[in-house]
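Given next are the chains, with one letter for each unit.
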Amino acid sequence: MNFELTEEQKMVAALARDFATEVIAPRAEEVDVQAAFPVETFLEMGKLGLMGIPFPEDYGGSGGDTISYTLAVEEIGKACGSTGLSYAAAVSLGAAPIYYYGTEQQKQDYLIPLAKGETLGAFGLTEPNAGSDAGGTRTTAVLENGEYRINGEKCWITNAQYARTIIVTAVTGKDERGRNIISAIIVPPDADGFTISSPYNKMGVRGSNTCELILDDVRVPAGNLLGDPAKGFKQFLHTLDGGRISIAALAVGIARGAFEKALQYSHERRQFGTEISSFQAIQFKLADMAMEIELAQNMVRKAAWLKDHNKPFTKEAAYAKLFASEMASRTCNQSLQIHGGYGYMREYGIERMLRDTKLMEIGEGTSEIQRLVIARQLGC
Amino acid sequence: MNIFVLMKRTFDTEEKIIIENGRIDEEGAEFIVNPYDEYALEEAIVLKEAHGGEITVVTVGEEEAEKELRTALAMGADKAVLLNMEDMDEAIDHYTIGEVLTAYFKDQEADIILGGNVAVDDGAGQVASRLAEGLQMNQVTTITKLDIEGTKVTIERDVEGDVEIVETSLPLLVTCQQGLNDPRYPSLPGIMKAKKKPLETIDFDDLDLDEEEIAAKTTTTDRFLPPEKGAGKILEGSTESQAQQLVELLKSEAKVI
Ligand SMILES: Cc1cc2nc3c(=O)[nH]c(=O)nc-3n(C[C@H](O)[C@H](O)[C@H](O)COP(=O)(O)OP(=O)(O)OC[C@H]3O[C@@H](n4cnc5c(N)ncnc54)[C@H](O)[C@@H]3O)c2cc1C
Ligand SMILES: Cc1cc2nc3c(=O)[nH]c(=O)nc-3n(C[C@H](O)[C@H](O)[C@H](O)COP(=O)(O)OP(=O)(O)OC[C@H]3O[C@@H](n4cnc5c(N)ncnc54)[C@H](O)[C@@H]3O)c2cc1C
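- An unreviewed UniProt entry lists chain B under the name Electron transfer flavoprotein subunit beta, with Sinobaca qinghaiensis as the source organism.
- Quoted verbatim from the Function (unreviewed entry) heading of the UniProt record, the comment on chain B is "The electron transfer flavoprotein serves as a specific electron acceptor for other dehydrogenases. It transfers the electrons to the main respiratory chain via ETF-ubiquinone oxidoreductase (ETF dehydrogenase)."
- The annotation that UniProt attaches to chain B under Subunit (unreviewed entry) is "Heterodimer of an alpha and a beta subunit."

- An unreviewed UniProt entry annotates chain A as Alkylation response protein AidB-like acyl-CoA dehydrogenase originating from Sinobaca qinghaiensis.
- Its UniProt record gives chain A the following Cofactor (unreviewed entry) comment, quoted word for word: "FAD".
- For chain A, the Sequence similarities (unreviewed entry) comment in UniProt is given as "Belongs to the acyl-CoA dehydrogenase family."

Structure, rendered in structure tokens:
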């Protein structure tokens, strides 16, 4: 067993860290306060090749592995949760399904610009009445004269206003047991009848673009179907498994940011005539935070390693996502506590991290759903 | 254009450095490409983009330096050469490195060699100049602007804050100063490609060098960190009285005037 990262992985992490420190971090507060999507940042990330890390060069990617990608998500998320979420969603949800399930033509048309970072990808699964229960999807796509006619509504879809390619899930029929067949279809945002807006005022990840999609008799060619028509559900479950690793990495990144600030602050802040880091109550908090971050990071790396080696990783991705997201909320909360009244103020950036990281317990499968996934893997 | 870059692996002077018994604790130190050499590499890439050619990055060091060479390859160098000193029994200083580089470059046909102005670890600024002397090649140090047309070269160099304009010709060695350019990040595809690019290791004794002849001319007797900065002094009163006090202190306490 070898816990050492490869030279390439270390270089990817160093590159992402430098870029995150110099470009992303200074913009983080504004991105949050103004709820301003950092378009420029994404264009620069595209030029560096960050948007295409896990895709081959033939498709405009960088030819890296999942571990390298998680290292980049961690560093970007550490600097700015909003940027981290849009990054993870663009790669894991927007581009990855096209790489896994797209035809050669679809990869040429859609994956290459995504991997090069010329545009962002979005993946629309959630509906007002179908969140955790994705099987309850109500959006429909009816095949007529070689075209799908799509009707329905999607909510909280990340990046859709900045995407040239939006994948939506829709019911396309029923199987022999009378259950809905759910398929994934690529829809261009400028299609007639397709309305994309961002009407939400969010608690955290405020600079990440979160959209409502309304599809009113939207027509796309039958060739826009992504992957196997009958296996849409399985496909997006697999997509979400991969996405969970990146959300876990994002949570680790945010937690590391909060921990580093807490450690530093504990040495600077003096009360009762001494650094607060000399109080055991503070030391124990810091010890727990550091330990949990390391554990979560190891789980993320293991899940990513399994994925890179084409081994099953559903359970490990759920472990990583569940533990890392809950750990990050605890860590940000404790960091805020260590900062006392200052932590409650915006300028310290800790309250933002706490607000941002809460999403990690909800998006791409809530904590409850992760426990459900794990229990199923255990044979329950 | 046949472009060469001299690169040094150094510890990061912005990170914590621990010195024990006159030696730097390498376990605890962070190692990087010498920042001034990044200007050299960036300029090399700019030259290649404008004039075509090939970039070879050269370092004198030990196996660990492969990591920094890979970084240079990821930024855009085409080939890397490690002049390996592992088998050297004698002490090494700037003279030694200059001799090893000179021996290597005697067999190369360089149009231009770019180095950093100084290395941030010892700040000597000697190696590149020694190489130019060894090769009897034109050299211009601390450059902040470089234009090449044919074999004619126009350079702006930093002279204690002033600018000097120099005209010279290829082949040429220059050392690069802050302000010359903004080094790029290595790109992700660059990082992935770096491991496939050639990295050649040449043992110094394969360069027909005699260990004793190139042994260090200097000895390092001690190393120590600069003294901790003491608490500052804030002067009070009117501007005029503050200036008075300052002059007094510079005379009596700092004894600099
Ligand atoms: C900022 C943001 C970005 C998002 N981006 C995207 C995106 O890009 N694409 C996309 O498709 N979706 C996206 N989502 C939606 C997200 O995936 C859903 O919010 C999530 O899946 C939960 O669904 P829900 O909100 O409808 O909650 P519900 O499913 O209504 O859950 C409510 C509560 O009930 C619990 N619960 C539900 N079912 C069970 C059960 N069987 N057992 C136990 N407990 C259960 C849940 O855990 C939760 O605590 C985003 C959401 C947000 C907030
Ligand atoms: C919105 C808001 C309203 C407020 N309103 C008022 C007000 O009306 N009037 C007023 O006077 N103040 C007010 N405060 C200040 C508040 O009472 C202080 O923030 C609080 O007492 C903590 O002090 P501190 O922020 O300086 O944190 P610190 O005392 O610096 O504490 C930092 C961390 O160190 C820990 N710590 C400190 N000492 C020890 C120790 N001996 N052992 C173990 N751990 C220790 C703390 O528990 C905390 O986790 C307000 C603060 C806020 C944010």
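There is more to say after this.
Some thoughts on the overall build of chain A
Item 1. The number of helices and strands found in chain A is eleven helices and ten strands.
Item 2. By the compact-globule yardstick of 21 Å for 380 residues, chain A fits well, its C-alpha radius of gyration being 21 Å.
Item 3. Residues counted as buried form 54% of the 380 residues belonging to chain A.
Item 4. Of the contacts made within chain A by residues no fewer than 6 positions apart, 73% connect residues no fewer than 24 positions apart.

Digging into the UniProt feature "domain: Electron transfer flavoprotein alpha/beta-subunit N-terminal" (unreviewed entry) in chain B
Item 1. The UniProt record annotates "domain: Electron transfer flavoprotein alpha/beta-subunit N-terminal" (unreviewed entry) at residues 21–211 of chain B.
Item 2. From the first C-alpha to the last, residues 21–211 of chain B spans 27 Å; its make-up is 29% helix and 32% strand.

Some words on the pairing of strand β7 (residues 79–84) of chain B
Residues and elements named next belong to chain B.
Item 1. Most of β7 is tucked away: five of the six residues are buried.
Item 2. In this structure, strand β6 (residues 54–61) lies alongside β7, joined through six bridges in parallel fashion. Within β7, the residue paired with G61 across the bridge is N84.
Item 3. One crossover worth recording links β6 to the parallel β7 by way of helix α2 (residues 66–75), and it is right-handed.
Item 4. Relative to strand β13 (residues 199–203), β7 runs parallel, the two sharing five bridges. The residue of β13 that forms the bridge with A80 is L199.

A look at the packing of helix α3 (residues 94–105) of chain B against helix α4 (residues 127–135) of chain B
All names here are of chain B.
Item 1. Following both chains from N to C, one finds α3 and α4 inclined at 45 degrees, their axes separated by 8 Å at the closest point. The angle between α3 and α4 falls in the class oblique. The handedness of the crossing between α3 and α4 is right-handed. On α4, the residues that touch H94, Y95, I97, G98, L101, T102 and F105 of α3 are V127, R130, L131, G134 and L135.
Item 2. A breakdown of the residues in the contact of α3 with α4 according to their chemical character gives seven nonpolar, four polar and one charged.

Some thoughts on the pairing of strand β3 (residues 147–158) of chain A
Residue and element names in this part refer to chain A.
Item 1. As paired elements, strand β2 (residues 140–144) and β3 share five bridges and run antiparallel to each other. When the sheet's bridge partners are listed, E144 is paired in β3 with E147.
Item 2. In this antiparallel pair of consecutive strands, β2 and β3, the connection spans two residues, and N145 shows a positive phi of 50 degrees.
Item 3. Of the pairings in the sheet, the one linking β3 to strand β7 (residues 210–221) comprises nine bridges and is antiparallel in character. Note on β7: the bridge partner recorded for K154 is L213.

Quick notes on helix α7 (residues 280–308) of chain A
Item 1. The end-to-end C-alpha distance of α7(A) is 42 Å, a good match for the 42 Å that 29 residues give at a rise of 1.5 Å each.
Item 2. A:N310 sits one or two residues past α7(A) and shows a positive phi near 55 degrees.

Looking at the site of ligand 1
All names here are of chain A.
Item 1. Around ligand 1 sit 23 residues, and of these L125, G131, S132, T366 and E368 come closest.
Item 2. Breaking the shell around ligand 1 down by element, the ones donating at least two residues are α4 (81–101), β1 (120–124), β3 and α11 (367–377).
Item 3. For the shell around ligand 1, a count of residues per class yields eleven nonpolar, nine polar and three charged.
Item 4. Two domains each provide a minimum of three residues to the shell around ligand 1, namely domain 2 (123–231) and domain 3 (233–377).

Let's talk about the UniProt feature "domain: Acyl-CoA dehydrogenase/oxidase C-terminal" (unreviewed entry) in chain A
Item 1. Per the UniProt annotation, the sites labelled "domain: Acyl-CoA dehydrogenase/oxidase C-terminal" (unreviewed entry) are residues 231–378 of chain A.
Item 2. Counted over residues 231–378 of chain A, helix gives 78% and strand 3%. Its end C-alpha atoms are 23 Å apart.

Structural notes on the UniProt feature "domain: Acyl-CoA dehydrogenase/oxidase N-terminal" (unreviewed entry) in chain A
Item 1. UniProt annotation of "domain: Acyl-CoA dehydrogenase/oxidase N-terminal" (unreviewed entry) refers to residues 6–118 of chain A when read in the numbering used here.
Item 2. As a span, residues 6–118 of chain A carries 74% helix and 0% strand, and end to end its C-alpha atoms are 29 Å apart.

A short note on the sheet that holds strand β10 (residues 152–159) of chain B
Residues and elements named next belong to chain B.
Item 1. One open sheet holds the nine strands; their spatial order is β11-β10-β9-β12-β8-β1-β6-β7-β13, and the pairing between them is mixed. Both edges of this open sheet fall to β11 (162–169) and β13, since each of them pairs with a single strand only. On average, adjacent strands in this sheet sit at an angle of 30 degrees to one another, irrespective of strand direction.
Item 2. Pairing between strand β9 (residues 138–149) and β10: six bridges, direction antiparallel. Bridging from a neighbouring strand, I148 pairs with V153 of β10.
Item 3. The sheet contacts of α4 involve β1 (2–6), β8 (112–116), β9 and β12 (172–176), and relative to β12 the element is tilted by about 175 degrees.

About the cut-offs
Residues numbered from 1 in each chain as written. Chains lettered and ligands numbered in written order. Predicted model: local features only at pLDDT ≥ 70, side-chain atom pairs only at ≥ 80, totals over all residues. UniProt positions renumbered as here; feature names shortened; annotations may be inferred. Helix = DSSP H or I, 4+ residues; strand = E, 2+ residues; numbered from the N terminus. Rg over C-alpha atoms; globule rule 2.2 N^0.38 Å. Buried ≥ 20, exposed ≤ 12 C-beta atoms within 10 Å, placed from the backbone. Contact = placed C-beta atoms within 7 Å. Pairing = 2+ DSSP bridges. Right-handed = clockwise from strand over helix to strand, strands pointing away. Axes fitted to C-alpha atoms, helices over the stretch in contact; angles between N-to-C directions. Parallel < 35°, antiparallel > 145°, perpendicular 65-115°, else oblique. Left-handed = near helix turned anticlockwise from the far one by under 90°. Nonpolar A, V, L, I, M, F, W, Y, C, P; charged D, E, K, R; others polar. Expected span 1.5 Å × (residues − 1). Near = placed C-beta within 6 Å. Domains from an automatic or database assignment.

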